[in-house]
Amino acid sequence: MKVKNSLFKNLIYSLSFISLLMVFILIFFLFKESVPFLKEKGLLNFIFSRTWNALDYEFGLFNILYASFYIAFLACIISFLFSYAIALYICFYTNKAFYIFLKWLINILAGIPSIIYGFFGLFVIVKFLEKTLKISAGETVLAASLILSIMIIPYFVSNLTESFEILKKKYKKDSDALAVTKEFFIRKIIFKKSFLPIITGFVLAFSRAIGETMAVMMVIGNAPIPCKILSKAETVASLIALEVGQTPAFSLHYKALFASGFVLLFFVLILNLILFVLNSRKRDFYD
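Cut-offs used in this document
Residues numbered from 1 in each chain as written. Predicted model: local features only at pLDDT ≥ 70, side-chain atom pairs only at ≥ 80, totals over all residues. Heavy atoms only, no water. Helix = DSSP H or I, 4+ residues; strand = E, 2+ residues; numbered from the N terminus. Buried < 20%, exposed > 50% of the residue type's maximum accessible area, 1.4 Å probe, protein only. Contact = heavy atoms within 4.5 Å. Areas by Shrake-Rupley, 256 points an atom, 1.4 Å probe, with all protein chains shown as cover. Lys, Arg positive; Asp, Glu negative; His and termini not counted. Charge placed at Lys NZ, Arg CZ, Asp CG, Glu CD. Axes fitted to C-alpha atoms, helices over the stretch in contact; angles between N-to-C directions. Parallel < 35°, antiparallel > 145°, perpendicular 65-115°, else oblique. Left-handed = near helix turned anticlockwise from the far one by under 90°. Expected span 1.5 Å × (residues − 1). Bend = angle between axes of the 7 residues up to and from the residue. Core = buried A, V, L, I, M, F, W, Y, C linked by side-chain atoms within 4.5 Å. Phe/Tyr/Trp six-rings, centres within 6.5 Å; stacked < 30°, edge-to-face > 60°. Lys NZ or Arg CZ within 6 Å of the ring centre and 35° of its normal. 1 Å grid on protein atoms, 1.4 Å probe; cavity = no way out; pocket = protein on both sides within 12 Å on 5 of 7 lines; lining within 4 Å. Points joined across faces, edges and corners; volume = space filled by probe spheres on them. Nonpolar A, V, L, I, M, F, W, Y, C, P; charged D, E, K, R; others polar.

Student: Residue-level account of the overall build of the protein, with values.
Tutor: Along the protein, the regular secondary structure elements total 13 helices and 2 strands. Projected onto the principal axes, the alpha-carbon positions of the protein cover approximately 70 × 65 × 30 Å. Looking at the protein as a whole, 41% of its 287 residues are labelled buried. Long-range contacts, defined as pairs at least 24 residues apart, comprise 74% of the intrachain contacts of the protein with a sequence gap of at least 6. On the protein, roughly 16,200 Å² of surface is accessible, and the fraction owed to carbon and sulfur atoms is 71%. The positive charge centre, built from 29 side chains, and the negative charge centre, built from 16, are 9 Å apart in the protein.

This is the structure in structure tokens:
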């Protein structure tokens, strides 16, 4: 028995170490490929320059990086409104059978390939915006935000549902003893106690949205210009996906794309660090 426990423990440690090693290898690889370009152009100059034109060897990431953050933030705002209502409905207004069905349905949303969302966005959302807003091209920041808001619903809902269940388990007996209504319980307990879960879910959904590639690339127009809600734009992930296959290996353009990926990864790592800190404080928040 001791031998089996020891083998199992060592297996868990080994797999965890391999996972961490893969993350560090990825970071090191991107950093190594980006350093020559960043030394030549400068990190701050690269981030804050606004023109990306490979033909003239101008590589400025600001408009593209700003579009990535803008679209992800707008998608999180839209998604949050629906996700909060869905999570409340799942936790407080369904029977057990329908609860399981809805959870399964939400998980299915998370498993749908990105290209399928892209097709839906291109032929439904884009066309809807063109007809409704009377614009010549529906490939816009708004279209990308709308399709992303659907894609990140599972991340929001799963996080909020878990938090609501904890609060429900902790306070429901007391509320039943006081004979308060379900709606009163939601207003006085859930609304007041769910601030940290909302922030956690927002950070999780944002970090997922900012790295999305295919669905966004199909509906955003892919133009590295200043970002407006009804204009075309381009995200960092879309930029890399579109240009890396057409770029000569080890050229300045090639290095610029690696540097773009490294900057994006850096911001995602910061977001995940924030998420880790927020999750570590969840237990104290509920007490």
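Student: If you had to explain the packing of helix 9 (residues 195-210) against helix 12 (residues 252-280) to someone new, which residues and values would you point to?
Tutor: The relative placement of two packed helices is expressed as an angle between their axes plus a distance between the axes. At a minimum axis separation of 10 Å, helix 9 and helix 12 run at an interaxial angle of 160°. On the basis of the axis angle, helix 9 is roughly antiparallel to helix 12. Every pair of crossing elements has a handedness; the one defined by helix 9 and helix 12 is left-handed. Contact with helix 9, carried on its side by Leu196, Ile199, Thr200, Val203, Leu204, Phe206, Ser207 and Ile210, involves Leu264, Val268, Leu271, Asn272, Ile274, Leu275, Leu278 and Asn279 of helix 12 and no other residues of that element.

Student: Any chance you could break down helix 3 (residues 62-92) for me, citing the residues and the numbers?
Tutor: Helix length check: helix 3, at 31 residues, gives a terminal C-alpha distance of 44 Å against a target of 45 Å (1.5 Å per residue), a fit within 8%. Along helix 3, the largest kink reaches about 30° and is centred on Phe80.

Student: Talk me through the nonpolar core; I want residue IDs and the actual numbers.
Tutor: One finds Phe46, Trp52, Leu61, Phe92, Phe164 and Ile190 to be the most contacted residues of the largest nonpolar core, which totals 65 residues. Take this core: its biggest share by element is 12 residues, from helix 3.

Student: Report on the environment of Tyr66, specifying residues and quantitative values.
Tutor: In this fold, Tyr66 is placed in helix 3. As for Tyr66 and Thr235, which are separated by 169 residues in sequence, their C-alpha atoms are 8.1 Å apart.

Student: Residue-level account of the packing of aromatic side chains, with values.
Tutor: Scanning the model with the defined rule gives 24 aromatic pairs in all. Ring geometry for Phe73 versus Phe202: centroids 5.6 Å apart, planes at 65°, classification edge-to-face. Placement of Phe73 in helix 3 and of Phe202 in helix 9 is noted, with a sequence separation of 129 residues between them. With a relative accessible area of 44%, Phe73 lands in the partly exposed category. What links up through ring pairs into an aromatic cluster is the set Phe73, Phe80, Tyr84, Phe156, Phe164, Phe191 and Phe202. Lys168 extends its terminal NZ or CZ atom over the ring of Phe92, reaching a point 5.3 Å from the ring centre. Over the aromatic face of Tyr93 sits the side chain of Lys182, whose NZ or CZ is 4.9 Å from the ring centroid.

Student: Describe empty space enclosed by the protein, naming the residues involved and giving the relevant values.
Tutor: Scanning the model with the defined rule gives 1 cavity of 30 Å³ or more in all. Put simply, the largest cavity is a space of about 40 Å³. The set of elements that each furnish at least two residues to the lining of the largest cavity consists of helix 3 and helix 9. It is helix 3 that provides the largest number of residues to the lining of the largest cavity, a total of 3 residues. A per-class count over the lining of the largest cavity returns 6 nonpolar, 2 polar and 1 charged.

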